[in-house]
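# Survey of secondary and tertiary structure
Spelled out, the chains give:
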Amino acid sequence: MLGFLSVGILTLLLAGIPVAVTLFLLAFGVDQFFSFFPLTKALGQNLWSAADSFLLIAIPLFVLMGEIIVRAGIAEKAYRAMDHWLSWLPGGLIHANITTAALFSATSGSSVATAATISTVALPQGEKLNYDPRLFCGSIAAGGTLGILIPPSINLIVYGFLTETSIPKLFMAGLIPGLGLSLLFMAMALVLCLWKPSLGGPRSVASWSARLRSLAFLAPLLILFAVIVGSIYLGWATPTEAAAVGVIVSLGLAAANRRLDRQMLIAALDGTVKTTSMLLFIILAASFLNFALTSSGLVQQLNTLLSTHDLSPYALLLAVIALFVVLGFFIETLSLMVITIPIVTPLIAAAGFDKVWFGVVMILFVEMALITPPVGLNLYIVQAARRGKPFSDVVVGTLPFIGAMLLMAVLLVIFPSIALWLPNSL
């Protein structure tokens, strides 16, 4: 069955079949060739049960909130503020790229939206000031990946939904590693720019009056983060309720920024419908594939296979990580999650690892898949904003940040409390 799934996934995706259709076809194939029961007779009930979830309402709400923030010009002003505060460091705007991405991640929940927004704002500045294009583009692509680790994260919601894990705990677990990874990115850029100053472009020092005035530009993102994560952490709201409040607050911020009009709302709603439709179609297809795999006994077969080879828990974890790294080269991130979660999560849980902790580790390697060719989506998002310049610049520029991700993965394995301390303190 594993061979069928592996060949089927690669063949269908390389043939250009949409992800959701691929997952449904695989589920039908498992039903046809590996199940003793007619699983398709449960298709309607399975899809209805998967769709009838209050938790899933959070997805379109978080997407809408990100769309409003992008179109309200709030991210652009936040970038200028971070430039005022960080331009004196070796690397200057590179640090602004990373910190603005981290701030925007705390409101959008989407890596693609984060990378696209920062690219639009930052690339003209980097070109004008003669920054090294490789490191500059790499910092934007890597910074964009923070959108699926720092809460609120759509991918963490999907993981929690598919594994029946607490979303608030996942959000809290992703916060410290997400901020830590931001600091590692900045440290990597700082070391490289100290070693070779020409990589970082010119440095400038803004006046304290300019810095203090620019804090007003950071206030909207900080307010949104406080409202969403604070209300969840304090137990005042569920993730879905917090997302709804976040949308209302984002509309108020857009109005305060004089960007709230009919045209902007239509564009934001249109983008939300397109993104949400794609995400929910994939989630429904993944739910039925999970049902087919469980009913056909795949998890039991894998448990038997692993017990025969007598792998230790950490050997199993290493094998799973290697699987994510390899598949990340070829499979889009959400697809990577929904394909692997029903197979690997029960094995990881049976080996004694915490599902909340593993969710953060999984997201870290899903982040890596966003910046590794040939399918790394953030690479293409940044490249699309560069008007035909060499794609190799973006790929090479992400390598130092991939090293920072691997370092964070090692730290999470050695010190699980990095992810678990905050959720366990709830």
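### Looking at the overall build of the protein
- The number of helices and strands found in the protein is 21 helices and 0 strands.
- Taking all 426 residues of the protein together, 55% fall into the buried category.
- Long-range contacts, defined as pairs at least 24 residues apart, comprise 79% of the intrachain contacts of the protein with a sequence gap of at least 6.

### A word on the packing of aromatic side chains
- In this structure the tally under the stated criterion is 5 aromatic pairs.
- Plain terms: the ring middles of Tyr131 and Phe136 are 5.3 Å apart, the flat faces sit at 50° to each other, and that makes the pair tilted.
- Of the residues examined, Tyr131 reaches a relative accessible area of 7% and is grouped as buried.
- Counting every residue linked through ring pairs, the aromatic cluster contains Tyr314, Phe353 and Trp357.
- Across from the ring centre of Phe217, 5.5 Å away, lies the NZ or CZ of Arg80, which sits over that ring.

### Considering the nonpolar core
- Among the nonpolar cores identified, the biggest contains 139 residues, and Ile59, Phe62, Phe136, Phe185, Trp357, Phe358 and Met362 are the most heavily contacted of them.
- Contacts of Met362, omitting those with residues within four sequence positions, involve Tyr159, Phe324, Met337, Thr340, Ile341 and Val344.

### Side note on the side chain of Thr272
- Tracing the backbone through its elements, the reader meets Thr272 in helix α13 (residues 262-295).
- Classification of Thr272 by relative accessible area gives buried; the value is 7%.
- Not counting residues within four places of it along the chain, the set of residues in contact with Thr272 comprises Pro60, Val63, Leu64 and Glu67.

### Regarding unusual backbone geometry
- Not every positive phi belongs to a glycine, and Asn130 is a case in point at roughly 60°.
- Within the secondary structure, Asn130 sits in the loop between α7 (111-128) and α8 (133-144).
- Phi at Glu164 takes a positive value of approximately 55°, unusual for a residue other than glycine.
- Residue classification places Glu164 among the exposed residues on the basis of a relative accessible area of 76%.

### Some remarks on the confidence of the model for the protein
- Residues with a pLDDT of 70 or more make up 88% of the protein, whose mean pLDDT is 81.
- Ranking the elements of the protein by mean pLDDT puts helix α14 (residues 298-309) last with 61 and helix α20 (residues 399-414) first with 93.

### Remarks on the environment of Ser204
- Tracing the backbone shows Ser204 in the loop between α10 (167-195) and α11 (208-233).
- Residue class for Ser204 comes out partly exposed when judged on its relative accessible area of 41%.
- Considering only alpha carbons, one finds Ser204 and Trp88, 116 residues apart in sequence, at a separation of 5.2 Å.
- Those residues in contact with Ser204, other than ones at most four positions away along the chain, are Ser87 and Trp88.

### Some words on empty space enclosed by the protein
- Under the counting rule described, the total for this entry stands at 1 cavity of 30 Å³ or more.
- Approximately 40 Å³ is the volume attributed to the largest cavity.
- Looking at the lining of the largest cavity, the elements with two or more residues in it are α15 (313-328) and α17 (355-369).
- Residues that form the lining of the largest cavity fall into these classes: 6 nonpolar, 2 polar and no charged.

### A closer look at the pattern of salt bridges
- For the structure shown, the criterion picks out 3 salt bridges.
- Residue Arg71 pairs with Glu67 through a salt bridge whose shortest N-O separation is 2.1 Å. Of this pair, Arg71 and Glu67 both sit in helix α4 (residues 58-71), 4 residues apart, roughly one helical turn.
- Here Arg134 ties to Asp132 by a salt bridge, and the two come within 3.6 Å at their closest N and O atoms.
- A relative accessible area of 36% means that Arg134 is categorised as partly exposed.
- Judged by its relative accessible area of 13%, Asp132 is buried.

### Quick notes on a nonpolar patch on the surface
- There is a patch of nonpolar side chains on the surface, built from Val21, Leu25, Phe28 and Phe281 and spanning about 310 Å² of accessible area.
- Counting through the fold element by element, Phe281 comes out in helix α13.

### Here we look at the environment of Phe171
- Summarising the element assignment, Phe171 is placed in helix α10.
- Among the residues examined, Phe171 registers a relative accessible area of 1% and is labelled buried.
- For the pair Phe171 and Tyr233, spaced 62 residues apart in the sequence, the C-alpha separation amounts to 8.9 Å.
- Apart from the residues within four sequence positions on either side, Phe171 is in contact with Phe62, Pro151, Pro152, Ser153, Leu156, Ile157, Ile232 and Pro239.

### Some remarks on the side chain of Asn155
- By the element assignment, Asn155 lies in helix α9 (residues 154-163).
- Asn155 sits in the buried class, given a relative accessible area of 8%.
- Not counting residues within four places of it along the chain, the set of residues in contact with Asn155 comprises Ile148, Leu334, Met337, Ile363 and Val366.

Rules used in this analysis
Going along each chain's sequence as written, the residues are numbered from 1 onward. Residues qualify for local features only when their pLDDT is at least 70, as the model is predicted, and side-chain atom pairs are given and counted only at 80 or more; totals for whole chains, interfaces and linings, by contrast, use all residues. Only hydrogens and water are removed before side-chain values are computed, so all heavy atoms of the structure are retained for them. Where helices and strands are cited, they refer to DSSP runs of H or I of at least four residues and of E of at least two residues respectively, numbered from the N terminus. Per-residue accessibility, obtained with a 1.4 Å probe over protein chains only, is compared with the maximum for each type, and a residue is labelled buried under 20%, exposed over 50%, and partly exposed between these values. Contacts are residue-level and defined by heavy atoms, with any inter-residue pair within 4.5 Å sufficient. Ring pairs shown here join Phe, Tyr and Trp side chains whose ring centres sit within 6.5 Å, with only the six-membered ring taken for Trp; geometry is labelled stacked below 30 degrees between planes, edge-to-face above 60, and tilted in between. Comment: the charge-over-ring label is applied if NZ (Lys) or CZ (Arg) is within 6 Å of the ring centre and within 35 degrees of the ring normal. To form a nonpolar core, buried Ala, Val, Leu, Ile, Met, Phe, Trp, Tyr and Cys residues must be joined to one another through side-chain atoms within 4.5 Å. As a per-residue quantity, pLDDT reports the predictor's confidence and falls between 0 and 100. Think of a 1 Å grid over just the protein atoms. A cavity is a set of points where a 1.4 Å probe fits yet cannot get out, a pocket is an open set with protein on both sides within 12 Å along at least five of seven lines, and lining residues have an atom within 4 Å of a point. Grid points are joined across faces, edges and corners, and a volume is the space filled by probe spheres set on the points. Think of it as three bins: nonpolar holds Ala, Val, Leu, Ile, Met, Phe, Trp, Tyr, Cys and Pro, charged holds Asp, Glu, Lys and Arg, and polar takes everything else, Gly as well. Whenever Lys or Arg places a side-chain nitrogen within 4 Å of a carboxyl oxygen from Asp or Glu, that contact is recorded as a salt bridge. What goes into a patch is any residue over 30% in relative accessible area without a salt bridge, connected to like charges within 9 Å or, for nonpolar side chains (Val, Leu, Ile, Met, Phe, Trp, Tyr), within 5 Å. Here the open area of atoms and residues is found with the Shrake-Rupley method and a 1.4 Å probe, where only the protein chains shown may cover a residue.

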